[in-house]
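Coordinate inspection notes
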Amino acid sequence: MNLAELKVPGPTRTALTAPFWAAAAEGRFTLQHCADCARWVFYPRQLCPHCWSPRLQWRDASGRAQLETWSVIHRPGHPGWAPAAPYAIGIVRLAEGPTMLSHILAAEPRLHLPLQVRFTQVGAEVLPCFEPLT
Ligand SMILES: [Zn+2]
């Protein structure tokens with residue numbers, strides 16, 4: 001299944017998340033990094049969840065992760081995803097620390113599978129999906 005052919009809704013963009021999606025469109029994986037406690041933050045926020053600092057800055061991240069859990073979707077919640085089923089979504093633990101929910105491009109997902117980001121055209125959007133590390 002070519003995910004680019006799907007007719008699915010894309011992510012909701014806000015002023016806070018716009019830098020993440022702009023970088024993704026350029027093929028860059030970017031996360032917020034706290035200038036005070038030096039920890040990485042995802043999802044995008046106005047305050048660091050670790051130290052409450054407002055000094056969060058966007059930085060390019062490694063795009064490396066490990067699979068923490070996943071589910072194989074046979075009956076999608078949105079009919080636009082039906083042509084792609086079955087497919088896997090999962091929680092990945094980013095090398096920088098935070099977790100992210102994403103599409104998992106792996107034929108055989110398994111616990112702690114090493115992954116790397118793969119920017120993928122999904123419908124009209126470029127989304128950061130994860131594939132096995134090569
Ligand atoms: Zn902080």
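Residues numbered from 1 in each chain as written. Predicted model: local features only at pLDDT ≥ 70, side-chain atom pairs only at ≥ 80, totals over all residues. Heavy atoms only, no water.

**Details of the side chain of threonine 17**
Within the secondary structure layout, threonine 17 lies in the segment before helix 1 (18-25). At a separation of 2.9 Å, a polar atom in the side chain of threonine 17 contacts the main-chain amide nitrogen of threonine 14. (Helix = DSSP H or I, 4+ residues; strand = E, 2+ residues; numbered from the N terminus. Polar contact = N/O pair within 3.5 Å; in protein donor to acceptor, adjacent residues only side chain to side chain.)

**Overview of the coordination of the zinc ion**
Taken together, the protein donors to the zinc ion comprise Cys34 (SG), Cys37 (SG), Cys48 (SG) and Cys51 (SG), at separations of 2.3 to 2.4 Å. Note that the zinc ion binds four donor atoms; their angles at the metal cover 105 to 115 degrees, and the shape is tetrahedral. Since its relative accessible area comes to 0%, cysteine 48 is described here as buried. (Donors = N, O, S within 2.8 Å, 3.2 Å for Na, K, Ca; no water. Tetrahedral: all angles 85-135°; square planar, octahedral: opposite > 155°, others 65-115°. Buried < 20%, exposed > 50% of the residue type's maximum accessible area, 1.4 Å probe, protein only.)

**As for the pairing of strand 8 (residues 125-132)**
Where burial is concerned, most of strand 8 is hidden: six out of the eight residues are buried. Pairing analysis gives eight bridges linking strand 7 (residues 114-122) to strand 8, with the strands arranged antiparallel. Paired with arginine 118 across the strands is cysteine 129, a residue of strand 8. Counted between consecutive antiparallel strands, the loop separating strand 7 from strand 8 contains two residues, among which glycine 123 sits at a positive phi close to 60 degrees. (Pairing = 2+ DSSP bridges.)

**Overview of the sheet that holds strand 1 (residues 30-34)**
Spatial strand order, 2-1-3: three strands in an open sheet with antiparallel pairing. Every interior strand has two partners, whereas the edge strands, strand 2 (40-41) and strand 3 (56-60), have only one.

**Some points on the pairing of strand 4 (residues 64-73)**
Relative to strand 7, strand 4 runs antiparallel, the two being bridged by three bridges. Looking at strand 7, one finds that arginine 64 is bridged to glutamine 116.

**Let's talk about the environment of glutamate 96**
Topologically, glutamate 96 is positioned in the loop between strand 5 (87-94) and strand 6 (99-104). Separated by 59 residues in the primary sequence, glutamate 96 and cysteine 37 place their C-alpha atoms 13 Å from one another. In contact with glutamate 96, not counting residues within four places along its chain, are Leu31, Trp40, Ala61, Ser62, Gly63 and Arg64. Within polar-contact distance, the side chain of glutamate 96 engages the backbone nitrogen of serine 62 at 2.7 Å. (Contact = heavy atoms within 4.5 Å.)

**Focus: the packing of aromatic side chains**
Tallied over the full model, the rule gives five aromatic pairs. Ring geometry for phenylalanine 20 versus phenylalanine 42: centroids 5.5 Å apart, planes at 50 degrees, classification tilted. Taken together, the residues phenylalanine 20 in helix 1 and phenylalanine 42 in the loop between strand 2 and strand 3 connect sequence positions 22 residues apart. Classification of phenylalanine 20 by relative accessible area gives buried; the value is 5%. Ring geometry for tryptophan 81 and tyrosine 87: centres 5.2 Å apart, planes at 35 degrees, overall tilted. Assessed through its relative accessible area of 16%, tryptophan 81 is described here as buried. With relative accessibility at 12%, the residue tyrosine 87 sits in the buried group. Among the aromatic residues, those joined into a cluster by ring pairs are Phe20, Trp21, Phe29, Phe42 and Phe130. In this arrangement the basic side chain of arginine 45 is found over the ring face of tyrosine 43, its NZ or CZ atom lying 4.0 Å from the centre. (Phe/Tyr/Trp six-rings, centres within 6.5 Å; stacked < 30°, edge-to-face > 60°. Lys NZ or Arg CZ within 6 Å of the ring centre and 35° of its normal.)

Interpretation in functional terms is not warranted from these geometric data alone.
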